[in-house]
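Report on the structure
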Amino acid sequence: MFASAAVNNIIAVTGGIGHYFDAAGVPGVTVLMLNSGENDIGEKIGELATVKEIRTENWLCVSSSKYFKHNGKELDNFTNAAYLISDSEMAINYFDKNNNIIQSVDKGCFYASASFLQDLTIKEGGEVELTAGDSHLTLKFMGWFKGALFQPGDANPPYLIMNSADYGYLGKEEATHIMNGKQLYINTSEVNEIRELAKNYGGAYVNTREESKSIYLYDMLSAYILMMISIVLMLTAFVVLRFTIGFTVSGEFREIGVMKAVVIIILLFCYGCTRRVNKLSPVDAVRNGQTGESFRRKSLFT
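Since this is a predicted model, take the numbers as computed values, not measurements.

**Thoughts on the overall build of the protein**
- Summing up its helical and strand segments, the protein has nine helices and 12 strands in all.
- By the burial criterion, 36% of the 302 residues in the protein qualify as buried.
- Surface summary for the protein: the accessible area is close to 18,800 Å², and the carbon and sulfur share equals 58%.

Below, the structure is given as structure tokens:
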């Protein structure tokens, strides 16, 4: 039971991650740049002959949770900076709680990742106030969302998807560009050229599709730990069964010997009862097979 559960868990996790990446449209290579300012890395990568496609997703930054308010109270439930994504620049597919692809966000609304919602009691339709510099927005919460390349866990940066008009309004504030970032999604079969190019830009992190799967390492570890426990339990069961059978055989040795001698006696008895069948001729069997007279030894007068 443990072994089959572990194997099924491993298959589900490994196969599920690949299916999730396919559904999200995760390409072969991603380049993450945080606090990078303006640079031309996207244009330089796009000039490489091996690059078939490149999509860019820019993020605005809100440096502290205190710039968000809910029910008139400043938030203090996360410590990392929060990143804002425009619904017009979503370079891969993001999913709502019902696993539907988020196509757009209405003006004055937003979706939030799980790390934004930790220790925050808010229902869909609830309002959050956001202040960045001199800009102020009141946004309606539409639900939580998930992204294939967002690391699970509450210690990771929160992400918000909002309407492009609201995003552009906040983007005019210098405060949202202090620690801004962007993610490049690249369709290519040659990652080494991109790694070499990224060395010329500070704060550029290059990951392949397979390397990105490491963000689900803890999910994999739990499956493999269960598998190891299953193997240990099976080995223990075999050892216990081996000694149990050995002790049982030793304890019941006399009874086993007696049963063997029963078997021998029955075979001898059966042989003694049926050995005369060999002396029965075919004619006797036809004439006297029903009465069994041919089984008696013939006398001199018959």
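Still more ground to cover, so stick around.
**Concerning unusual backbone geometry**
- One non-glycine residue with positive phi stands out, namely Asn71, at about 55 degrees.
- Within the secondary structure, Asn71 sits in the loop between strand 3 (68–70) and strand 4 (73–74).
- Backbone geometry places Asn99, a non-glycine residue, at a positive phi of 65 degrees.
- One can find Asn99 in the loop between strand 6 (95–96) and strand 7 (109–112).
- A relative accessible area of 47% means that Asn99 is categorised as partly exposed.

**Digging into the nonpolar core**
- Ranked by internal contacts, the top residues of the largest apolar core, which has 28 residues, are Phe21, Ile85, Tyr94, Phe145, Tyr159 and Ile161.
- Of all the secondary structure elements, the ones that give two or more residues to this core are helix 1 (2–24), strand 2 (51–62), strand 5 (82–86), strand 7 and strand 10 (159–162).
- In terms of residue count, the dominant contributor to this core is helix 1 (four residues).
- Leaving out residues up to four positions away in the same chain, Ile85 has contacts with Glu57, Trp59, Met90, Tyr94, Phe150, Tyr159, Leu160, Ile161, Met162 and Tyr167.
- Formed by 23 residues, the second largest nonpolar core is a distinct cluster that contains Phe68, Leu117, Ala132 and Tyr167.

**Overview of helix 4 (residues 164–171)**
- If you check which residues of helix 4 are buried, you get Asp166, Tyr167 and Leu170. Axial view of helix 4: buried residues confined to an arc of 100 degrees, hence all on one face.
- Against the buried residues of helix 4 lie strand 2, strand 5, strand 7, strand 8 (127–132), strand 9 (135–146) and strand 10.
- Its side-chain oxygen at 2.8 Å from the backbone nitrogen of Ala165, Asn163 defines the N-terminal cap of helix 4.

**A few points about a nonpolar patch on the surface**
- On the surface, Met228, Ile231, Met234, Leu235, Phe238, Leu241, Ile245 and Val249 cluster together into a nonpolar patch covering about 770 Å² of accessible area.
- Its place among the elements puts Leu235 in helix 7 (residues 217–251).

**Some remarks on the pairing of strand 5**
- The element strand 5 is largely enclosed, with a buried count of five among its five residues.
- Burial along strand 5 is two-sided: the residues Ala82, Leu84 and Ser86 and Tyr83 and Ile85 are all buried.
- For strand 2 and strand 5, the ladder comprises four bridges, and the chain directions are antiparallel. Among the inter-strand pairings, Trp59 is bridged to a residue of strand 5, identified as Ile85.

**Some details on the layout of surface pockets**
- Taken as a whole, the largest pocket holds about 440 Å³ of empty space.
- Around the largest pocket, the lining comprises 19 residues; the ones closest to its centre are Leu32, Leu149, Gln151, Tyr159 and Gln183.
- Of all the elements in the fold, those that place two or more residues in the lining of the largest pocket are strand 1 (29–34), strand 11 (181–188), strand 12 (204–208) and helix 6 (209–212).
- Ranked by the residues each element gives to the lining of the largest pocket, the list is headed by strand 1, at three residues.
- A class-by-class count of the residues in the lining of the largest pocket yields 11 nonpolar, seven polar and one charged.

Cut-offs and rules
Residues numbered from 1 in each chain as written. Predicted model: local features only at pLDDT ≥ 70, side-chain atom pairs only at ≥ 80, totals over all residues. Heavy atoms only, no water. Helix = DSSP H or I, 4+ residues; strand = E, 2+ residues; numbered from the N terminus. Buried < 20%, exposed > 50% of the residue type's maximum accessible area, 1.4 Å probe, protein only. Areas by Shrake-Rupley, 256 points an atom, 1.4 Å probe, with all protein chains shown as cover. Core = buried A, V, L, I, M, F, W, Y, C linked by side-chain atoms within 4.5 Å. Contact = heavy atoms within 4.5 Å. Arc of directions from axis to C-beta. Polar contact = N/O pair within 3.5 Å; in protein donor to acceptor, adjacent residues only side chain to side chain. Patch = residues over 30% accessible without salt bridge, like charges linked within 9 Å, V, L, I, M, F, W, Y side chains within 5 Å. Salt bridge = Lys/Arg side-chain N within 4 Å of Asp/Glu carboxyl O. Pairing = 2+ DSSP bridges. 1 Å grid on protein atoms, 1.4 Å probe; cavity = no way out; pocket = protein on both sides within 12 Å on 5 of 7 lines; lining within 4 Å. Points joined across faces, edges and corners; volume = space filled by probe spheres on them. Nonpolar A, V, L, I, M, F, W, Y, C, P; charged D, E, K, R; others polar.

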